[in-house]
Each structure stands twice: as C-alpha cells, then as structure tokens.
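# Summary of structural features
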Amino acid sequence: MNNAPSVIVFDVNETLSDMSPMGARFAEVGAPAPLARLWFAALLRDGFALAAAGDSARFADIGADVLRGLLGRTALDRDLDQAVEHVMSGMAALGLHPDVADGVRTLKSAGYRLVTLTNGSPQVAEKLFATAGIREDFDLLLSVEDAQAWKPARASYEHAASACGVAPDQMLLVAVHPWDIHGASRAGLGTAWLNRSGETYPAYFRAPDHTITGLGGLARALAPAGPA
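Residues numbered from 1 in each chain as written. Predicted model: local features only at pLDDT ≥ 70, side-chain atom pairs only at ≥ 80, totals over all residues. Heavy atoms only, no water.

### Quick word on the pairing of strand β5 (residues 140-143)
- The pairing of strand β4 (residues 113-118) with β5 spans 4 bridges and is parallel. Bridging from a neighbouring strand, Leu117 pairs with Leu142 of β5.
- This β-α-β element, β4 to helix α6 (residues 122-132) to β5, shows right-handed connectivity. (Pairing = 2+ DSSP bridges. Helix = DSSP H or I, 4+ residues; strand = E, 2+ residues; numbered from the N terminus. Right-handed = clockwise from strand over helix to strand, strands pointing away.)

Spelled out as structure tokens, the structure:
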C-alpha cells in the first residue's frame, strides 16, 4: 500500500448512506421489513454475476427486477408496480450515517481529494451529499455505470483512477463491504475497512490496510503520512 494516498475513494451504499430506513419502505407496502436486507444482497449478487460474465446493468434496473421477484410472492397493500416504485424511491430519500459529514470535512481539511465510486447511481449520491451540505467536499461522484463493470471488478477501480488522473496506488478506498476492500486491494489501491458494527473480517479476503469504527478515525490513521 502507498502510505500517503492523495485521493480517498468512498463507496456510497451502506458505507456513507444509512440504508436502515429501507426496511420501513418494505413495511409500508405490506412486506416484511427484514426483506430489505435480502433484497439488497440479491441485488448485489446479480450485479456481481453480470460483472463476472463480462456484462453490466444499472443498479436501479437490477434492483427493480429483483424486487418484483421478491414482492410478487408477498401479499401487498397495492399494485406490484406501485410497490416496486415506492421501495426503489426510498434509495433517493436516505440520509448519511452520523459519523460521515464531520469525517468527510476533516479529510478534506487535511488536504485529500475526495471522490466516490458507487455501484449505484451518481444522482442518488448527488442528492445525498447536497442535502447533507457536503457536496462541495467531493471532487467527483463516480459510478460503475461509466466503467461498465461493477465493483469489485478491477475495471471499476481503474476507471476511478483514470478519472482522477492518478495511479491506483495513489488512492485509498473506504468501504464497509469486505468484498469491496478485496477488489480494491487487488486493483492496487490502499484500503480502509469501516467496521461500525464490530464484525469479524473474512479471512478469505485480502486484509484492509486500516480498520476504523467511524469515519472520523480515518484522518487519524493516515496522519503520520498525510496526503501525497
């Protein structure tokens, strides 16, 4: 790992955005709230499968189709298409985790360039950050839609490096997902695992360069080196 990254790359879904309200969206259409976690896992599974096969599709398109399959077996309080629209619109209504805004501002003040790389829509990230008042802290909001390969495919991280005009080893990815950490590490990026829930990191993935329990800890972890 480069000990002095100049660019911090953030995953968005679950890493920065708090997706816990999605359970309420499911409940509001008559589905069990815990189905939200199954939906997101199935969405990621299918996105990964497409990437492994050399294909790609938009997060929203996969998410909606997965939802139709899950909700079609549930007694809903409205038409299936209306239920799918209600749940999917919840992604644009999410807020940040409590540690994010201050953590982002601290990293920006320390001199790092901040960008995002999401498997989702850049428009969702734009609204999320604008609402929280931190949009101006990010140089670029990148999506795998432009890379034509979902994370953790190498091409997605290489797309981010190209867009930023730096080598992969000048970047550090921050994510709550070990699979994202593994993919970024394989592509040559430094990594920081954001472990808010005290989980155990899977031994079969490449270990992160840093483990933090809140975003505010990242600036302290990088302080001896500082931005390149």
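### Considerations on helix α2 (residues 35-52)
- End to end, α2 covers 26 Å across 18 residues, agreeing with the expected 26 Å (1.5 Å per residue, within 8%).
- Of the positions making up α2, those classed as buried are Leu35, Ala36, Trp39, Phe40, Ala42, Leu43, Leu44 and Gly47.
- Buried-residue contacts for α2 involve α1 (22-28), α3 (59-71), α4 (80-89) and α9 (178-186).
- Gly54 sits one or two positions beyond α2 and adopts a positive phi of about 85 degrees. (Expected span 1.5 Å × (residues − 1). Buried < 20%, exposed > 50% of the residue type's maximum accessible area, 1.4 Å probe, protein only. Contact = heavy atoms within 4.5 Å.)

### Comments concerning the pattern of salt bridges
- Under the definition given, this model contains 13 salt bridges.
- Between Arg196 and Asp99 there is a salt bridge whose closest N-O contact spans 3.0 Å. Taken together, the residues Arg196 in the loop between β7 (190-194) and β8 (210-212) and Asp99 in the loop between β3 (95-96) and α5 (100-109) connect sequence positions 97 residues apart. (Salt bridge = Lys/Arg side-chain N within 4 Å of Asp/Glu carboxyl O.)

### Brief notes about the packing of α2 against α3
- Packing of α2 against α3 brings their axes to within 9 Å, and their N-to-C directions diverge by 130 degrees. With respect to α3, the axis of α2 lies oblique. Our pair here, α2 against α3, has a crossing hand that is right-handed. Here α2 contributes Leu35, Leu38, Trp39, Phe40, Ala42, Leu43, Asp46, Gly47 and Leu50 to the contact with α3, which in turn contributes Phe59, Ile62, Gly63, Val66, Leu67, Leu70 and Leu71. (Axes fitted to C-alpha atoms, helices over the stretch in contact; angles between N-to-C directions. Parallel < 35°, antiparallel > 145°, perpendicular 65-115°, else oblique. Left-handed = near helix turned anticlockwise from the far one by under 90°.)

### Comments concerning empty space enclosed by the protein
- Summed over all chains, the structure comprises 2 cavities of 30 Å³ or more.
- Volume-wise, the largest cavity comes out at about 50 Å³.
- For the largest cavity, the full set of lining residues is Asp11, Asn13, Phe40, Leu44, Phe59, Asn119, Lys151, His177 and Trp179.
- When grouped by side-chain class, the residues that make up the lining of the largest cavity number 4 nonpolar, 3 polar and 2 charged.
- Roughly 40 Å³ of internal volume is contained in the second largest cavity.
- Lining the second largest cavity, in full, are Val12, Asn13, Ser17, Met91, Ala92, Leu94, Val124 and Leu128.
- The residue makeup of the lining of the second largest cavity, split by class, is 6 nonpolar, 2 polar and no charged. (1 Å grid on protein atoms, 1.4 Å probe; cavity = no way out; pocket = protein on both sides within 12 Å on 5 of 7 lines; lining within 4 Å. Points joined across faces, edges and corners; volume = space filled by probe spheres on them. Nonpolar A, V, L, I, M, F, W, Y, C, P; charged D, E, K, R; others polar.)

### What to know about the side chain of Asn13
- Relative to the helices and strands, Asn13 is located in the loop between β1 (7-10) and β2 (17-18).
- Excluding residues that lie within four positions of it along the chain, Asn13 makes contacts with Met19, Phe40, Phe59, Met91, Thr118, Gly120 and His177.

### A few points about α6
- Buried within α6 are the following residues: Pro122, Ala125, Leu128 and Phe129. Down the axis, α6 shows its buried residues gathered within 120 degrees of arc, on one side only. Exposed residues lying more than 90 degrees from the buried face of α6 are Gln123 and Thr131.
- Buried residues along α6 sit against β2, β3, β4, β5 and α7 (144-147). (Arc of directions from axis to C-beta.)

### Regarding the layout of surface pockets
- Its volume calculated, the largest pocket comes out at about 730 Å³.
- Together, 30 residues line the largest pocket, and Glu14, Arg37, Val176, His177 and Glu199 are the ones closest to its centre.
- Elements with a minimum of two residues in the lining of the largest pocket: β2, α1, α2, α9 and β7.
- Per-element accounting of the lining of the largest pocket gives the leading share, 8 residues, to α2.
- In terms of residue class, the lining of the largest pocket is made up of 17 nonpolar, 7 polar and 6 charged.
- For the second largest pocket, the lining is made up of 15 residues, of which Phe59, Ala60, Met91, Ser121 and Val124 are closest to its centre.
- Elements represented by at least two residues in the lining of the second largest pocket include exactly α3, α4 and α6.
- Taken together, the residues that form the lining of the second largest pocket break down as 8 nonpolar, 6 polar and 1 charged.

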